[in-house]
Amino acid sequence: MAEKKLSGEVYYPSKEVLEYANAKCESLYEFASKDPVAFWESEAKNLYWSKPWTKVLDDSNKPFYKWFVGAETNIAYNCLDVHVKTARRNKLALIWEGENGEFRSFSYFALHRETCRFANVLRSLGVKKGDRVTLYMGRIPELMIGMLACARIGAIHSVVYGGFSVEALHERLEDSQSKVLIVADGSFQRGKIVELKKIADEALQRAATVESVLVVKRTGHQINMEFGRDMWYHELMNLPIANNNECLEMVDAEHPLFLLYTSGTTGKPKAILHTHGGYMVGTYTTLKYVFDIHEEDRYWCAADPGWITGHSYIVYGPLLNGATSFMYEGAPNYPYPHRWWQMIEKYGINILYTAPTAIRGLMRFGDAWPNRYNLASLRLLGSVGEPINPEAWRWYYKVIGKERCPIMDTWWQTETGMFMITPMPCTPLKPGSGTKPFPGIVADVVDENGNPVKPNEEGYLVIKTPWPSMLRTIWNDPDRYVNQYWSKYPGMYMTGDSARKDEDGYFWVIGRVDDVIKVSGYRLGTAEIESALVSHPAVAEAAAIGLPHELKGNAIHCFVLLKTGYEKSDKLVDELKQHVAHEVGPIAKPEHIEIVDSLPKTRSGKIMRRVLKARALGIDPGNLSTLEE
Ligand code: PRX
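Residues numbered from 1 in each chain as written. Predicted model: local features only at pLDDT ≥ 70, side-chain atom pairs only at ≥ 80, totals over all residues. Heavy atoms only, no water.

A closer look at the overall build of the protein
What counts is decided by this rule: A run of H or I in DSSP becomes a helix once it reaches four residues, and a run of E becomes a strand once it reaches two; helices and strands are each numbered from the N terminus. Computation of the radius of gyration draws on C-alpha atoms alone. For the globule rule, the value is 2.2 Å times the number of residues to the power 0.38. Relative accessibility decides the category of a residue: with a 1.4 Å probe and only protein chains considered, values under 20% of the type maximum give buried, values over 50% give exposed, and everything between is partly exposed.
Tallying secondary structure elements over the protein gives 19 helices and 30 strands in all. Rg of the C-alpha trace for the protein: 24 Å, near the compact-globule value of 25 Å for 629 residues, within the 12% margin. Across its three principal axes, the protein shows a C-alpha extent of roughly 70 × 70 × 60 Å. The buried share of the protein, taken over its 629 residues, is 62%.

Below, the structure is given as structure tokens:
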């Protein structure tokens, strides 16, 4: 592969990188392209199964694919118990630094012990296999322990990002019918306390299924504890019920592992369902080859465990590989823009995986901040969440990676569970391109009719064959699963992204083609922002669109029609912005709200966001034949 001359700006891997890498590109691609199912099967054999599969892939009921049919395993057992039985027992599984400088670390032995104890606590509270447990906290070790404890007993975890607010949490508790909520008293964000428990109390007023609330003490500020419902995590963990008994249940490979809510084209956020077996094989394999995990590495994925990146590549992927993961609680530039670089030097981080928005944010403070630190431990860099602009790529490559560290630009989604289009260290790189599909993945760019487009033409990004860590369904809504992902082109998974493929077969993801807005890499739906706006008494109708933003990638712009009796004012605009932040979360706070007299609609009453966007950008809105006068 490295021998072929590629077009454009290309960065070839060095001899050292090639020799050290786990993945030998050519042989992996060759094996996987001949027989993807055999490739996944060979990787699955590196993991522990208490009962073997009778078939690797069952595609008899498309698109409800099943992987590792008949097998039994438990992902948490593979994350912890397997290592505790080896010399990895004393290896650090997790190194954690709080925003306030606090430090904690867990060996595999300790993480296993804490997880078993907490699993016993959950069981004693009546949590059974298949029950849903919601977790709502910042980036702290207890989030990891809670997720793994659920997995051990076959309960289904649903992590709600700690930056979400009342309505978002309420909706997710309600939809998942969670029995238990695990929440922190608060979290630190830029030196301030985010009052997580207070937000949860408000959300719980309307969430009838929650029987117990377990509260992790993080910030230590005064909170309300409701008698009979709320219990302190640390108190429960000191009771005899929190014993070290193994507390493990082997489950069917297709048993649900977690729900993760994400924004879709219309309506409320949907819960994407992932399972123990296939998700385990996918995250294990991709992390091993893409971030090239070696025994001595210290790997840092700077995402939040509340998003899929954190699920797959802070919690499950690293632990499955027996890696040492680093987790940092706070903001990248708190108290100063050197924070990340200081921690890379202090902990000797070898692999850094983050998002373009963070890179752009840190880049703007200049090179002097990273240059004050010794970043020589870094070996590989990564990017995820949105397309990375070539300027940010080059800065990351030169100033952070010192032109030694290849950048893994990983394209994937909550739904895919694992990296789908991504380089490996052996891949020649082009800034801004995710390069090629991972071995075993068949992706393409197609036109309206599902036919492949010509090189460099824009089209829809699709996946043409199933993969082990694919979503299995949308919780409570299998029809939506079929319609949303599999109905436009039967047999092909519709990603919702547009892309082009260049003359070398390299993929360039352009962005969403639906009503999803990526703000600083976070995925938000126009519908969530609009319904938050119309829940304000002054608002009759609202439309939200994403417009390009230098740091955030996209920023939210809203158009609002007021109810009669309400007057346009700056004060009201501010109030509406705050209202969205309160309902959905600070990340959804609109950049700009314009009060308008009318909204462009189709004759059937659908708001034409495309027209609003074209107007705002001063470009041609395209076909207006369906626009109502
Ligand atoms: O538009 C793509 C963008 O993020 C979307 C998925 O968002 P989410 O489910 O929140 O998962 C994000 C983390 C995996 C995709 O449909 N996206 C993600 N990674 C990239 C990207 N766009 C371009 N390049 C990427 N590397």
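Some points on the state of the cysteines
Worth spelling out the cut-off: In this description, a disulfide is simply a cysteine sulfur pair whose atoms lie within 2.5 Å.
Under the definition given, this model contains one disulfide. Each sulfur in the disulfide pair cysteine 25 and cysteine 426 lies 1.9 Å from the other. Looking along the S-S bond of the cysteine 25-cysteine 426 disulfide, the torsion reads about 75°, which is the right-handed sense. Taken as a pair, cysteine 25 in helix α2 (residues 25-34) and cysteine 426 in the loop between β20 (407-410) and β21 (443-446) lie far apart in primary sequence, 401 residues in all. The pair formed by cysteine 25 and cysteine 426 is uniform in burial state, with each residue classed as buried. Of the cysteine sulfurs around cysteine 116, a residue in no disulfide, the closest is that of cysteine 247, at 7.2 Å. No disulfide involves cysteine 301; its sulfur sits 15 Å from that of cysteine 79, the nearest cysteine.

Quick notes on the pairing of strand β25 (residues 507-512)
This is how it is decided: DSSP-based pairing: two strands are paired if at least 2 bridges between them are found.
Direction of pairing for strand β24 (residues 493-501) relative to β25: antiparallel, over a ladder of five bridges. Pairing of arginine 500 across the sheet is with tryptophan 508, part of β25. With antiparallel pairing between neighbouring strands as the criterion, β24 and β25 make up a hairpin whose turn holds five residues, including glycine 505 at a positive phi of roughly 80°.

Observations concerning the environment of methionine 237
What counts here: Here a residue-residue contact requires only that any non-hydrogen atoms of the pair lie within 4.5 Å.
Inspection of the secondary structure puts methionine 237 in the loop between α9 (233-236) and β13 (251-252). C-alpha of methionine 237 to C-alpha of phenylalanine 118: the two residues are 119 residues apart in sequence and 6.7 Å apart in space. When near neighbours in sequence (up to four residues on either side) are disregarded, methionine 237 contacts Glu114, Arg117, Phe118, Val121 and Ala242.

Comments concerning the pattern of salt bridges
Basically, it comes down to this: Take a side-chain nitrogen of Lys or Arg and a carboxyl oxygen of Asp or Glu: if they are within 4 Å of each other, that pair is a salt bridge.
As enumerated under the stated definition, the model contains 40 salt bridges in all. Between aspartate 304 and arginine 139 there is a salt bridge, and its shortest N-O distance comes to 3.6 Å. With aspartate 304 in the loop between β16 (298-301) and α11 (308-320) and arginine 139 in the loop between β6 (132-136) and α6 (141-152), the pair connects residues that are 165 residues apart, well separated along the chain. With respect to burial, aspartate 304 and arginine 139 carry one shared label: buried. Across the pair arginine 360 and glutamate 386 runs a salt bridge whose closest N-O atoms are separated by 3.1 Å.

Quick look at unusual backbone geometry
A cis amide bond, omega -5°, links lysine 62 with the succeeding residue proline 63. When you line up the elements, proline 63 lands in the loop between β1 (55-58) and β2 (66-69). Cis peptide bonds are those with omega within 30 degrees of zero, and the linkage from tyrosine 334 to proline 335 qualifies with -5°. With respect to the helices and strands, the residue proline 335 is situated in the loop between β17 (324-328) and α12 (339-347). Here the phi dihedral of glutamine 177 falls at roughly 55°; this positive angle occurs in a residue that is not glycine. Within the secondary structure layout, glutamine 177 lies in the loop between α7 (166-176) and β8 (180-184). The exposure class of glutamine 177 is partly exposed, given its relative accessible area of 42%. You will see that serine 520, though not glycine, has its phi angle at about 50°, which is positive.

Things to note about the packing of aromatic side chains
The relative placement of two aromatic rings is captured by the distance of their centres and the angle of their planes. Selection rule: Each aromatic pair joins two rings of Phe, Tyr and Trp (for Trp, the six-membered one) with centres within 6.5 Å, and gets the label stacked for planes under 30 degrees apart, edge-to-face for over 60, and tilted for any other angle. Any Lys NZ or Arg CZ that is within 6 Å of a ring centre and within 35 degrees of that ring's normal is treated as a charge sitting over the ring.
In the structure shown here, the tally under the stated rule is 42 aromatic pairs. Judged by centre distance (5.8 Å) and plane angle (55°), the rings of phenylalanine 164 and tryptophan 307 are tilted. With a gap of 143 residues between them, phenylalanine 164 in the loop between β7 (156-159) and α7 and tryptophan 307 in the loop between β16 and α11 connect regions that are remote in the sequence. Under the relative-accessibility criterion, tryptophan 307 is labelled buried at 14%. Considering the side-chain rings of phenylalanine 291 and tyrosine 299, the 6.0 Å spacing of their centres and the 55° angle between planes classify their relative orientation as tilted. Like tyrosine 299, phenylalanine 291 is buried. Three or more aromatic residues link up through ring pairs in this structure, and these residues are Phe64, Tyr65, Trp467, Tyr481, Tyr485, Trp486 and Tyr493. Here lysine 217 stacks its cationic end above the ring of tryptophan 232, 4.8 Å away from the centre of that ring.

Describing helix α15 (residues 390-400)
Those residues of α15 that fall on the buried side of the exposure criterion are Ala392, Trp393, Trp395, Tyr396, Tyr397, Val399 and Ile400. Residues of α15 that are buried make contact with α12, β18 (351-354), α13 (356-363), α14 (368-371), β19 (380-384) and β20. One or two positions beyond α15, positive phi appears at lysine 402, with a value near 50°.

Some remarks on the domain arrangement of the protein
We apply this condition: Each domain's limits were defined by an automated method or a database of domain assignments. Buried area is a sum: the accessible area each of two parts loses on coming together, probed at 1.4 Å, counted once for each and added. Pairs of N or O atoms within 3.5 Å make up the polar contacts considered here, provided that, within protein, one atom can donate a hydrogen while the other can accept it, and that residues adjacent in sequence are counted only when both atoms are side-chain atoms. In this classification, Asp, Glu, Lys and Arg are treated as charged, Ala, Val, Leu, Ile, Met, Phe, Trp, Tyr, Cys and Pro as nonpolar, and every other residue, Gly included, as polar.
Looking at the assigned domains, one finds that the protein contains domain 1 (11-331 + 411-435 + 473-486) and domain 2 (520-617). A separation of 33 Å is found between the C-alpha centroids of domain 1 and domain 2. Tallying the contact residues gives 20 residues for domain 1 and 13 residues for domain 2. In this assembly, domain 1 packs against domain 2 so that about 1,200 Å² is buried in total across both faces, 48% of it on carbon and sulfur atoms. On the surface where domain 1 and domain 2 come into contact, there are one salt bridge. Two residues, arginine 523 and glutamate 415, come together in a salt bridge whose shortest N-O distance is 2.8 Å. Connecting domain 1 to domain 2 are 10 residue pairs in polar contact (both at pLDDT 80 or more). Top contributing element to the side of domain 1 that touches domain 2 by residue count: α7, with four residues. Residue classes in the side of domain 1 that touches domain 2 are distributed as six nonpolar, nine polar and five charged.

Considerations on the nonpolar core
We count it as follows: By nonpolar core we mean a set of buried residues, namely Ala, Val, Leu, Ile, Met, Phe, Trp, Tyr and Cys, connected to one another through side-chain atoms within 4.5 Å.
Grouped together as the largest cluster of nonpolar side chains are 160 residues, with contacts concentrated most on Phe291 and Tyr316. With eight residues, α6 is the largest single contributor of residues to this core. Each of domain 1 (11-331 + 411-435 + 473-486) and domain 2 (520-617) contributes no fewer than three residues to this core. Ignoring anything within four residues of it in the chain, the contact list for phenylalanine 291 reads Thr286, Tyr299, Ile351, Tyr353, Arg379, Leu380, Leu381, Gly382, Met408, Thr410 and Phe419. Core analysis: the next-biggest nonpolar cluster, separate from the first, contains 31 residues, Ile344, Tyr347, Leu378 and Ile400 among them.

Remarks on the sheet that holds strand β28 (residues 539-549)
The line we're drawing: A fitted line through C-alpha atoms represents every axis, and for helices the fit uses only the stretch in contact; the resulting angles, taken between N-to-C directions, go from 0 to 180 degrees.
Overall, mixed pairing links the three strands, which are arranged β28-β29-β30 in an open sheet. Both edges of this open sheet fall to β28 and β30 (592-595), since each of them pairs with a single strand only. Along the sheet, successive strands turn relative to each other by an average axial angle of 20°, direction set aside. With 10 bridges joining them, β28 and strand β29 (residues 553-562) adopt antiparallel strand pairing.

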